[in-house]
Structure formats: structure tokens, C-alpha cells
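So you can see what is in the structure, the chains are spelled out below.
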Amino acid sequence: MKKRFVLAIIITLIVLHQSKAQNIHPKLLPYYQVLKTKGLPPVKFMLEKINTHDLLIFDDGLHLAQEPFDFYQQLIKNKAFAKTLNYVFLEILPVTAQRHLDAFLNSPNKNQALLYPAFQQTFDAYPINYKTYFDLLNTIWEVNQLLADKDKIRVLGVDIPLLWEGIHTKEDWVNYRKVLKGRDYNLYQVILGAMSKFRKSQKGIFLTNTRHAYKGIKNKQGKFFWNCSTFFTQRNPGKTYSIRIHNVSLNIYKKLKKEAQTTQGLDQVQYRWIRMENGLWDAAFKAYGKQPVAIPLKSNVFGQAAYTGNHSLTAKSGQSMYNAYDALVILAPLEKLHLAAKVGAVYTPKFQKEMIRRLKILNSPAQIKALLKENDVNSLEKFVEELSKDIPVRPNSLVKTLGNKNAWK
């Protein structure tokens, strides 16, 4: 009797699935079927992947995105995942921030102020003060309290240090930027060293942004762009797994002859934000039921989508998203995504003075005048004072620039 009941339920579910599939637009159906047949809850998916790969590389889509960090916290709070994990690697923090990270994680109490000096050590003039990072570190601190000393999760800053103490002129800044050519190799070597070159069965996650997570995009000459994940994929095959967290996607369409002011280089190009495949990914997710889902990109329509991203202008044609990533995670509809809150207290009184010094180095008097006018303040002191105010979580304003979400039809 029980077997008949279970069989009846299974048949009913199959019929319902087929009925729903029949009502889905033919162009959308292959995407929907991938989500239904290959999709897993993201935490469950990552538990499987951390068992078969030593390092999971996450592209948050936007450093300022809120939802990826909510997901990272879910991973850390999962007992099975936390028990397996040895390292969390942060791209946004330099190696010279390590003593501040260790001071916080080894403190008997959660003292957020111990982290402020770490987040003041950033590439550009402005510190990284996204609350998502502080929340993530708070979660790691809490989880570590329940783990034996040998099992505690370590957090490492892995980026090239920017020692502002040695930068006094614009020329110093221009000369410093020359070292950025080796940035991805440096990320690779620091992480590889911490992981003992994968000789000790250690497990880690690398939290980064788009181009550092590309595993194998090639230029027009057919040679690799040596992004951090590419080094791992080519030199340590099978050890890493690269994951894109769905968000607005970068579309670069023109190069500008302009001096770089940021490490991302977006000030040197014209770009827009787009929906993947004119909204097909978003529509498939809606049809699926809007539940967070993770899928592999190998041998399916999501992975076969044309590559779009940081290397768009100079990449060899015909490459796909699977050339860039191994998997995709969709956490929420684009219209429901958010930008992170900001922690104003990172701008301590002492650092506010340093911030003014940096701005004077990087900007001409005319640029400073324009900056003050744009922000409706009459001095750099007032401008920095405004920066020291908290900013709450808010909807992702970039979504408003994307246009028609049904353009795929």
C-alpha cells in the first residue's frame, strides 16, 4: 500500500512538471530544464564541490553586492562546511592587513574597531567599508568559538600591499601602478603557498570579483588572459572550481585614451550593465520558482552563452561562459538584489586626515573643485566627514539601467 502511495506521488509530480513545462516559452524551456534537472540548493551544491575540489573561487559579481555575502555566511554557519574549511581568502585586503585580521579573530570579544586599519589599506584612495565584510568576519569569529584551535577557520588577505606611507606625489602613484601587471600572479602565489601547494588536503574559499575568477578566457591571439583562477586551472588542474554568482553583467564596448585612476580600470573604458542573454537567465529563474539554485555550466545552455565581461573588447570570439566559470549560483531575481551597507566608522578621526592627504595627491586642484561641487560641499574636510556616515542597505540601482527584461522573447 505504501509503495503504491509513493508511486502515485511520484507520478503526480512528473505530470505536474510536464504540465508546467508545456506552458513555458520554447526558447526558455532548455534553461528551465537545466535548472530542474541539474539545480541544487547552493549550500548543498558547495558541500559536494568542497569534497571534490580543494579551493572554491567565488565571483561576487559586484564587490558591493549584498546577497553573495549572505550566502557566504550560510556556508560558514553550515557545520559540515565549517568543519571542512581551513581558509577564507579575501581579494580586497592586502597581505599587510593580516595582523589586524588575526587580532580580531583571536580577540576574546568581537571588537570591530580592530578591523578598521585593515580596511583602510586599499588600492585606491578610498577604503573598503562594506558592512558585508564585517558581518562575514563576525560570523567566522562566532563559528570559530565552537571549533577546536586546530580546526579554526583562518582568514587571509591575499592582495598586493599598497603602502600609502610611501606615496607622496602623483608620480609615486603612477609608478606604483606598474606593479599591478603582476597582481593576479601574486594572488595565485599567496593562496597556493597558504594551501601548501595542495599537498596537505586543505580546503579553502577565495572571495573575489569577476576577472580574477575567470578560469580560461583567451585573447584574440588565442593566448590566455592570466587571471588568478586561470593560473590555478592551468597549473593545478582539478584542484579549484570557479563559481559565478548571478548579478548584472558587465558589457565593455569601447576603449578610452585616458589615464587610469582606479585598479579596476573601468575609468578607461565605456561600459554598460546588461542582463545575461537579454534576460533569458532571469526568466528561467522565475519559471523555476525563484528558489536559490546552483548549477554546473558544463554542457548546457547556460554554459554555452556567449562570454561577456572584463575582457570583452580583446577576447577571442566564440568563447562561452563555461570558458570563464565552472558553475552558476542564482540567489534572487535581479530586481530583488541589494547593495551593501557601508560602515562610516572606518573613517576614524586619524584616517580622515590621511584620506584628505590621499585625495590631494591623486587629484589636481581643478579635479578637487569638481569633486566638491558634485557632492555639494565646500571643503575636503566636509567631503570626508560625509564619507564617515553610515549608509544602509539599498536596492541595487544598476538594475534600473538594464532595460526590458523580456527582450529575449
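So, here's what we can say about the structure. All values reported here derive from a predicted model rather than from experimental measurement.

Moving on, we come to the overall build of the protein. When you go through the protein residue by residue, the secondary structure sums to 16 helices and 11 strands. Compactness check: the protein gives a C-alpha radius of gyration of 23 Å against a globular reference of 22 Å for 409 residues, within 12% of the reference. Across the 409 residues of the protein, 52% fall into the buried class. In the protein, of all internal contacts separated by at least 6 residues, the share reaching a separation of at least 24 is 78%. Here the protein displays about 20,200 Å² of accessible surface, and carbon together with sulfur accounts for 54% of that area. In the protein, 60 side chains carry a positive charge and 31 a negative one; their mean positions are 9 Å apart.

Here we come to the pattern of salt bridges. Taken as a whole and judged by the stated rule, the model has 19 salt bridges. A salt bridge links Asp 135 to Lys 131; its shortest N-O distance comes to 3.0 Å. Of the two residues, Asp 135 and Lys 131 are both situated in helix 8 (residues 131–144); the distance of 4 residues between them amounts to about one turn of the helix. Given a relative accessible area of 21%, Asp 135 falls into the partly exposed group. The salt bridge partner of Lys 389 is Glu 386, with a shortest N-O separation of 3.0 Å.

Our focus in this paragraph is the packing of aromatic side chains. Two aromatic rings, taken as a pair, are described by how far apart their centres are and by the angle between their planes. Scanning the model with the defined rule gives 25 aromatic pairs in all. Over the face of the ring belonging to Phe 45 we find Lys 49, whose NZ or CZ atom lies 5.2 Å from the ring centre. Sitting over the face of the ring of Tyr 253, Arg 272 holds its NZ or CZ atom 4.1 Å from the ring centroid.

It is worth spelling out the environment of Pro 108 at this point. Mapped onto the fold, Pro 108 is located in the loop between helix 6 (98–105) and helix 7 (116–119). A residue is classified by how much of its surface remains accessible, and Pro 108, at 68% relative accessible area, is exposed. Between the C-alpha atom of Pro 108 and that of Gln 145, which follows or precedes it by 37 residues, the distance is 9.2 Å.

In this structure, Met 46, Phe 58, Val 88 and Phe 119 are the most contacted members of the largest nonpolar core, which totals 63 residues. Sort the elements by how many residues they give to this core and helix 8 lands first, with 7 residues. If we skip the residues at most four places from it in the chain, Phe 58 touches Met 46, Phe 71, Tyr 72, Leu 75, Ile 205, Phe 206, Leu 207, Thr 208, Ile 243 and Ile 245. Counting 48 residues, the second-largest nonpolar core is a separate cluster that includes Tyr 87, Leu 187, Tyr 188 and Ile 330.

Here we come to the environment of Lys 44. Relative to the helices and strands, Lys 44 resides in helix 3 (residues 42–52). Lys 44 sits 12 residues away from Leu 56 along the chain, and the two C-alpha atoms are 14 Å apart.

Note on placement: Asp 54 falls in the loop between helix 3 and strand 1 (55–59). Given a relative accessible area of 10%, Asp 54 falls into the buried group. Within the structure, Asp 54 has its side chain in polar contact with the side chain of Lys 203 (distance 3.0 Å). Once you skip the residues sitting within four places of it in the chain, Asp 54 turns out to touch Met 195, Phe 198, Gln 202, Lys 203, Gly 204 and Lys 239.

Now for the pairing of strand 2 (residues 87–94). In terms of burial, strand 2 is largely enclosed, as 8 of its 8 residues are buried. Of the strand pairs in this sheet, strand 2 and strand 3 (residues 154–159) are connected by 5 bridges, and their pairing is parallel. Each residue of the ladder has a partner; that of Leu 90, found in strand 3, is Gly 157. With 4 bridges connecting them, strand 2 and strand 4 (residues 204–208) associate as parallel partners. Each bridged residue has a counterpart across the sheet, and for Leu 90 the counterpart in strand 4 is Leu 207.

Quick look at the sheet that holds strand 9 (residues 327–330) now. Strand order in this open sheet of 7 strands is 3-2-4-1-5-9-8, and the pairing throughout is mixed. The two strands at the open ends of the sheet, each matched to only one other strand, are strand 3 and strand 8 (293–296). Averaged over all neighbouring strand pairs, the angle between strand axes comes to 25 degrees, with direction disregarded. Across 3 bridges, the pairing between strand 5 (residues 240–245) and strand 9 is parallel. Directly across from Ile 243, in strand 9, lies its bridge partner Ala 327. Taken strand by strand, helix 8 contacts strand 2, strand 3 and strand 4, and its axis lies near 150 degrees from that of strand 2.

Axis angle and axis distance: for two packed helices, these are the angle between their axes and the distance between the axes, and together they describe the pair. Across the interface, helix 2 (residues 29–38) lies against helix 12 (residues 280–288) with an axial gap of 9 Å and an inter-helix angle of 50 degrees. Taken together, the axes of helix 2 and helix 12 lie oblique to each other. For the element pair helix 2 and helix 12, the recorded crossing hand is right-handed. Where helix 2 approaches helix 12, its residues Tyr 31, Tyr 32, Leu 35 and Lys 36 are matched on the opposing element by Leu 280, Trp 281, Ala 284, Phe 285, Ala 287 and Tyr 288. Of the residues assigned to the contact of helix 2 with helix 12, the class counts are 9 nonpolar, no polar and 1 charged.

What counts and how
Residues numbered from 1 in each chain as written. Predicted model: local features only at pLDDT ≥ 70, side-chain atom pairs only at ≥ 80, totals over all residues. Heavy atoms only, no water. Helix = DSSP H or I, 4+ residues; strand = E, 2+ residues; numbered from the N terminus. Rg over C-alpha atoms; globule rule 2.2 N^0.38 Å. Buried < 20%, exposed > 50% of the residue type's maximum accessible area, 1.4 Å probe, protein only. Contact = heavy atoms within 4.5 Å. Areas by Shrake-Rupley, 256 points an atom, 1.4 Å probe, with all protein chains shown as cover. Lys, Arg positive; Asp, Glu negative; His and termini not counted. Charge placed at Lys NZ, Arg CZ, Asp CG, Glu CD. Salt bridge = Lys/Arg side-chain N within 4 Å of Asp/Glu carboxyl O. Phe/Tyr/Trp six-rings, centres within 6.5 Å; stacked < 30°, edge-to-face > 60°. Lys NZ or Arg CZ within 6 Å of the ring centre and 35° of its normal. Core = buried A, V, L, I, M, F, W, Y, C linked by side-chain atoms within 4.5 Å. Polar contact = N/O pair within 3.5 Å; in protein donor to acceptor, adjacent residues only side chain to side chain. Pairing = 2+ DSSP bridges. Axes fitted to C-alpha atoms, helices over the stretch in contact; angles between N-to-C directions. Parallel < 35°, antiparallel > 145°, perpendicular 65-115°, else oblique. Left-handed = near helix turned anticlockwise from the far one by under 90°. Nonpolar A, V, L, I, M, F, W, Y, C, P; charged D, E, K, R; others polar.

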